[in-house]
Amino acid sequence: TDDDTFSGVFCENSEKLINVHLFALAAKYYSLSSLEVCTPLEDILEALKGNSQGATGIKTDEFMNNKKSHEVQVMSELVDSLANYCGINQVIDIGSGKGYLSSFLSMQYNLKVYGIDSSNSNTNGAYERNRKLKKHWRAYQSRGRANLKCQSLEKANDRPVESEIKYKKIDEKLLNHANSLQIQDQVIMQDTVPSCDFTQMAASETRTEAEAALVTQTQSAESKLSEEVLANLNVLPADAVEVFSSSHSKWGKLSEEEKVQRKITSLKIRTRKSSESNLYFPLTSCITAETELSDIITDLEDCMMVGLHTCGDLAANTLRIFTAKPEIKAVCSVGCCYHLLSEQFENQEECCDKVWGFPMCQYLKDKGWCCGRNARMSACLALERVAVGQMLPTESLFYRAVLQVIIEEIYGVTKSDRHVGKTFSKSSSFIDYVRRSLKKLELDDSELPDSCIMDYYEKYKHRMNELEAFNMLKVVLAPCIEVLILLDRLCYLKEQENIAWSGLVKLFDPVKSPRCYAVIALKKQSCS
């Protein structure tokens, strides 16, 4: 767009907003959805594992609320795909909280997960929750086997159609023709049964004939990898995975018997992996940019880092640790709480040794870029929720605004390290709200009569609509500020020489989970 397109939004002299409609259009233009800088989730999943489907098993909505269930299901599928792609089995969940994601990754996908949280109560709660969840998991395993058996009987009368095939052989010649990535043997041999049935599958020798039949049924489908899938594979670079060994390159020349044997061997390996790795370890530690993970995790190996709604600087530090530690091969980080970010240029303080949450990339550092707390607070607002009718809590915002006036005019306080928190929901009236808030702020309200409190309320109540309009403008601007923070993190990764691929991916439904963007990156792999 031309530089003059949005020039009429503000008055040149007063710098006041004069065109609300143009303001909204400009904000939309500079949002992530309009800038088209994100990699579609479907494309990256396709590139990582073709058309294979995720494991079936536990239903998260029976153990979590709707929002958390949505987040855990979507993110865990991506994390499992990244782990398989990189050939790793260890996952480090930073800011793991109550352990929802960690538990699910461990039980559903048989990954070895270390959940690290700074709160000891969260760690203890996560441990106890995981213990209880394992009891339910055994029931789900039995139910899953029964369902799979029923499905197998139903399909016995019908030949499986191409869309039901759950693994594909990616022919090396096709990949070379498409200039695409090279995939390890275990990715080629995508499994055809849910993870909870690997033990039963490998233990039963009577399944050999079924395996042979399945290989025969899929031969034609394996050779028909569409151009669209091959194009999607270009989402990831060739140097993001290790190079094929020569022993893998003659798969197409194997006999039928050898193909069946390889399939069964792969299943046995997965079975052993399943029995060894269905582990989740909640740990308590405060993570900073200087944290040595080997001091926390004694058996640290090649792994990936994940973070589901890591607050403030923790999201930035997760990326810094990822780039600095060679054993961490991938990262998937969804940040939140932008208002808690530390900013290098906010207070113009000279502190050369401090590691800041913003900015991260050298480009914004060179420009001395600063958002400020008010802007970062605005970035936390949820435009999509407001757009579908989930309006802002205008009354609570009004209460807080009037309280600020009272604190400044009566107590002379303009800045405090203490917070009011969720006092509004516990208050029966404005008077009750003010008194509860003053106690939290450790301000004496004994000399403050109710009539004085209500005078302030009456003085400003006619401006409530004005406050609502102002906050709506902040909501409209929120995606633009979030763009700045997320692109700063992405640019930081682009500046690193050891990163093979990095991108932004919209993981969640923004109405269910407003902080819906993940920063994802893969390390370059050294060829042995």
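Calculation notes
- Residues numbered from 1 in each chain as written.
- Predicted model: local features only at pLDDT ≥ 70, side-chain atom pairs only at ≥ 80, totals over all residues.
- Heavy atoms only, no water.
- Helix = DSSP H or I, 4+ residues; strand = E, 2+ residues; numbered from the N terminus.
- Buried < 20%, exposed > 50% of the residue type's maximum accessible area, 1.4 Å probe, protein only.
- Contact = heavy atoms within 4.5 Å.
- Areas by Shrake-Rupley, 256 points an atom, 1.4 Å probe, with all protein chains shown as cover.
- Phe/Tyr/Trp six-rings, centres within 6.5 Å; stacked < 30°, edge-to-face > 60°.
- Pairing = 2+ DSSP bridges.
- Axes fitted to C-alpha atoms, helices over the stretch in contact; angles between N-to-C directions.
- Core = buried A, V, L, I, M, F, W, Y, C linked by side-chain atoms within 4.5 Å.
- Salt bridge = Lys/Arg side-chain N within 4 Å of Asp/Glu carboxyl O.

Trainee: Which parts of the structure should I look at to understand the overall build of the protein?
Mentor: Helices and strands together make up the secondary structure of the protein, namely 21 helices and 7 strands. Taken across its 528 residues, the protein has 46% of its residues classed as buried. For the protein, contacts bridging at least 24 residues in sequence account for 76% of all contacts bridging at least 6. Accessible area of the protein: about 27300 Å², with a carbon and sulfur share of 50%.

Trainee: Would you mind going over the packing of aromatic side chains with me for this structure?
Mentor: By convention here, two paired aromatic rings are described through the distance between centres and the angle between planes. All chains considered together, the criterion is met by 12 aromatic pairs. With a centroid separation of 4.8 Å and an interplanar angle of 90°, the aromatic rings of Tyr29 and Tyr30 are classed as edge-to-face. With a centroid separation of 5.3 Å and 55° between ring planes, the pair formed by Tyr399 and Tyr433 is classed as tilted. Taken together, the positions of Tyr399 in helix 18 (residues 394-411) and Tyr433 in helix 19 (residues 430-440) put the pair 34 residues apart, joining distant regions of the chain.

Trainee: Quick question: what am I supposed to make of the pairing of strand 2 (residues 112-117) here?
Mentor: On any regular strand, side chains alternate: one points to one face of the sheet, the next to the other face. The element strand 2 is largely enclosed, with a buried count of 6 among its 6 residues. Burial along strand 2 is two-sided: Lys112, Tyr114 and Ile116 facing one way and Val113, Gly115 and Asp117 facing the other are all buried. The sheet contact formed by strand 1 (residues 90-94) and strand 2 spans 5 bridges and is parallel. Opposite Gln90, over in strand 2, you have Lys112 as the bridge partner. Relative to strand 3 (residues 279-284), strand 2 is paired through 6 bridges, and the arrangement is parallel. Opposite Tyr114, over in strand 3, you have Phe281 as the bridge partner.

Trainee: Looking at this structure, how should I read the sheet that holds strand 3?
Mentor: The pairing of strands in a sheet comes from backbone hydrogen bonds and takes either a parallel or an antiparallel form. Spatially, 7 strands are ordered 3-2-1-4-5-7-6 in an open sheet, and the strand pairing comes out mixed. The sheet is open, and its two borders are formed by strand 3 and strand 6 (499-506), each paired with just one other strand. In this sheet, adjacent strand axes meet at a mean angle of 15° when their direction is disregarded. In terms of strand pairing, strand 6 meets strand 7 (residues 517-523) through 7 bridges, oriented antiparallel. Residue Gly503 lies in a different strand from strand 7, and its bridge partner there is Ile520.

Trainee: Whenever I open this one, unusual backbone geometry confuses me. Can you help?
Mentor: A negative phi angle characterises most non-glycine residues, just as the trans form characterises most peptide bonds. Omega for the peptide link from Phe358 to Pro359 comes to -5°, which places this bond in the cis form. Mapped onto the secondary structure, Pro359 falls in the loop between strand 5 (328-336) and helix 15 (362-366).

Trainee: Explain the nonpolar core here, please?
Mentor: Ranked by size, the top nonpolar core spans 74 residues in total, and within it Met75, Leu78, Met304, Met305, Cys332, Leu507 and Ile520 carry the most contacts. Broken down by element, this core gets its largest block of residues, 9 residues, from helix 4 (residues 66-86). Every residue in contact with Met75, bar those within four places of it in the chain, is listed here: Leu101, Val306, Gly307, Leu308, Cys332, Val334, Leu507 and Phe508. Residues Phe398, Val405, Ile453 and Tyr460 belong to the second largest nonpolar core, which totals 21 residues.

Trainee: How should the side chain of Ser333 be read in this particular structure?
Mentor: If you trace the backbone, Ser333 turns up in strand 5. Residue Ser333 is classed as buried on the basis of its relative accessible area, which comes to 4%. Excluding its chain neighbours within four sequence positions, the residues that come into contact with Ser333 are Gly307, Thr310, Ala315, Leu319, Tyr517, Ala518 and Val519.

Trainee: Before we go on, may I ask you to explain the pattern of salt bridges in this structure?
Mentor: Side-chain pairs of opposite charge can arise where the charged atoms are in close proximity. All told, the structure shown has 14 salt bridges when counted by the stated rule. The residue Lys325 makes a salt bridge to Glu292 at a minimum N-O spacing of 2.9 Å. Residue Lys325 is found in the loop between helix 14 (313-324) and strand 5, and its partner Glu292 is found in the loop between strand 3 and helix 13 (293-296); the two are separated by 33 residues along the sequence. The buried category is assigned to Lys325, whose relative accessible area is 17%. The partner of Asp445 in a salt bridge is Lys439, and the shortest N-O contact between them spans 3.6 Å.

From the geometry alone we can't say anything about function, so treat these as descriptive.
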